[in-house]
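# Analysis of the macromolecular model
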Amino acid sequence: MQIHKLTCKKKFDQHFLKDQNIAKKIVSFLSFENYNTVVEIGPGLGILTKYLLNNPYHHIFLIEIDKELISFLKKNFSISKNQIIHKDFLKWNPEEMNLRNFAIIGNFPYKISSQILFHILKYNHYIPECIGMFQKEVAKRITSYKGKKTYGILSVLVQTFYDVKYLFTVKEKVFFPIPNVQSAVISLKRKKNMIYCNKKMLFKCVKIAFNQRRKKLKNSLQEFNHIPNFYKIPFLNKRAEELSVKEFLQLTKEIEIKK
Ligand code: SAH
């Protein structure tokens, strides 16, 4: 499939947004509260980039995996070479560029949306905000809460670090080529008062618990049964889907302290 004489590459999950109003609207959700640097993931043909570059006081960086699109962006946008990074976002380390406070924006490649989120969570201490377009079903999972079917690993882990908001749904027909799923834009704003807990342990507990979501936690978390007074840990009689984000943090803390 050809667009602007470029080939749309399936392997890079390319679905280009065509609607200028939606692009403008997505960018308008960036708050620029306490940051002035934005990293765009997968700029493609630059529909969001155009609006990001409107303000000369903002620092914009683009991370794009497709070499052909890199040349296109360099030709079509007045942006310096070192702001356009030819790289797989999942392999990008902001410290290498000395970036320590920046927002993320993007109409993300859907096949790797979970990995993108995990990469953002890895560097959450540098990322105060993220405005992103995901496959609608993934956006629903990220913004879900206890008791809902869609509540799971992504909901708990993202909401540990960020306040999340489902912003709006986007129809298939505004993309080229048309994807076979609907999309949605969400915002993540880093929590101001985060409860401290061991990140590695939290990820481990949440993953184990939801991988056997029907089981009570005292059964799914059996690998911690050597901990003194294991059965006194709160919430063990509940199932993963019955625990709020805050309760997951409490649970992890208990396991961590007693370990
Ligand atoms: N933002 C553009 C393009 C969205 S399509 C728009 O809204 O029109 C997804 C984009 O992500 C494509 O440009 C694709 O080449 C790029 N991409 C895919 N995998 C990537 C990765 N691992 N790292 C960086 N960019 C990636």
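Remember, predicted model here, so these are calculated numbers, not experimental data.

## Section: unusual backbone geometry
Following F176, the chain continues to P177 via a peptide bond in cis, the omega torsion being -15°. Within the chain, F32 stands out as a residue other than glycine whose phi angle is a positive 55°. Looking at the secondary structure, you find F32 in the loop between helix 1 (20-28) and strand 4 (37-41). Even without glycine at this site, N229 takes up a positive phi of about 55°. Within the fold, N229 resides in the loop between helix 8 (217-220) and helix 9 (245-258). Given a relative accessible area of 48%, N229 falls into the partly exposed group.

## Some details on the sheet that holds strand 8 (residues 129-135)
If you trace the seven strands from one edge of the open sheet to the other, you get 6-5-4-7-8-11-9, paired in mixed fashion. The open sheet has two edge strands with one neighbour each: strand 6 (84-86) and strand 9 (162-170). Each adjacent strand pair in this sheet contributes to an overall mean axis angle of 20°, direction not counted. Those strands touched by helix 3 (residues 67-76) are strand 5 (59-64) and strand 6, and its axis lies near 165° from that of strand 6. The sheet contacts of helix 4 (residues 113-122) involve strand 4, strand 7 (103-107), strand 8, strand 9 and strand 11 (183-190), and relative to strand 8 the element is tilted by about 170°.

## Looking at the environment of G42
Within the secondary structure, G42 is located in the loop between strand 4 and helix 2 (47-52). The spacing of G42 and D88 is 46 residues in sequence and 9.1 Å in space, taken between C-alpha atoms. In this structure G42 touches I63, E64 and N107, once residues within four positions along its chain are discounted.

Analysis parameters
- By convention here, each chain's residues receive numbers from 1 onward along its written sequence.
- This being a predicted model, a pLDDT of at least 70 is required before a residue's local features are given, and a value of 80 or more before pairs of side-chain atoms are given or counted; all residues contribute to the totals for chains, interfaces and linings.
- To get the side-chain values, all heavy atoms of the structure are used, and hydrogens and water are removed first.
- For the purposes of this entry, the term helix denotes a DSSP run of H or I that reaches at least four residues, the term strand denotes a run of E that reaches at least two, and both are numbered from the N terminus.
- Under the scheme applied here, a residue whose accessible area is under 20% of the maximum for its type counts as buried, over 50% as exposed, and between as partly exposed, the area being computed with a 1.4 Å probe on protein chains only.
- Only when DSSP finds a minimum of two bridges between them are two strands counted as paired.
- To define axes, lines are fitted to C-alpha atoms, for helices over the stretch in contact only, and angles between the resulting N-to-C directions are given on a 0 to 180 degree scale.
- Contact between two residues is taken to exist if any of their heavy atoms lie within 4.5 Å; hydrogens are not considered.

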